[in-house]
Amino acid sequence: VTSRGISDAQPGEMRLVALRPEAVSLQNGGSERNHLQGTIEEVNFLGAVVRIRLRLRESAIHFDTFKNPSFPPPERGQSVTVGFAREDILVLEGAEAAH
């Protein structure tokens, strides 16, 4: 669900979207957030930031989180749910979505 509608979209039609890595969070939010479930493929430590690759069926996303000793990052192979706000989704108009 995006914060802005897609004017010419049909129900069930796939669209290509962009989402910045820092917009995705392991903490689940309320009903105003979108959620994706997947499996952790990679965990890379980049100083104070941890970049995580999450496998989602046929595709994958990368997202960033800050290193926090009280909240260790997930482990490779772990199933997780991530969330992101509607307003963080950018619909790429005119781009073809892969099926």
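Just above, that's the structure.
Residues numbered from 1 in each chain as written. Predicted model: local features only at pLDDT ≥ 70, side-chain atom pairs only at ≥ 80, totals over all residues. Heavy atoms only, no water.

As for the pairing of strand S3 (residues 49-56)
At step 1: Side chains Val-50, Ile-52, Leu-54 and Leu-56 project from S3 onto a buried face, and the interleaved Val-49, Arg-51, Arg-53 and Arg-55 project onto a face without burial.
At step 2: Two elements, strand S2 (residues 33-46) and S3, share seven bridges in a ladder whose sense is antiparallel. By the bridge assignment for S3, Ile-40 is matched with Leu-54.
At step 3: As consecutive antiparallel partners, S2 and S3 are separated by two residues, and within that stretch Gly-47 has a phi angle of approximately 70°, a positive value.
At step 4: Bridge analysis of S3 against strand S4 (residues 59-66) gives eight bridges, and the strand direction is antiparallel. (Buried < 20%, exposed > 50% of the residue type's maximum accessible area, 1.4 Å probe, protein only. Helix = DSSP H or I, 4+ residues; strand = E, 2+ residues; numbered from the N terminus. Pairing = 2+ DSSP bridges.)

Brief notes about the sheet that holds S4
At step 1: An order of S4-S3-S2-S5 is seen for the four strands of this open sheet, with the pairing classed as antiparallel. Of all strands in the sheet, those bounded by a partner on one side alone are S4 and strand S5 (79-85). Averaged over all pairs of adjacent strands, the angle between their axes in this sheet comes to 50°, without regard to strand direction. (Axes fitted to C-alpha atoms, helices over the stretch in contact; angles between N-to-C directions.)

That is the geometry; function is a separate question.
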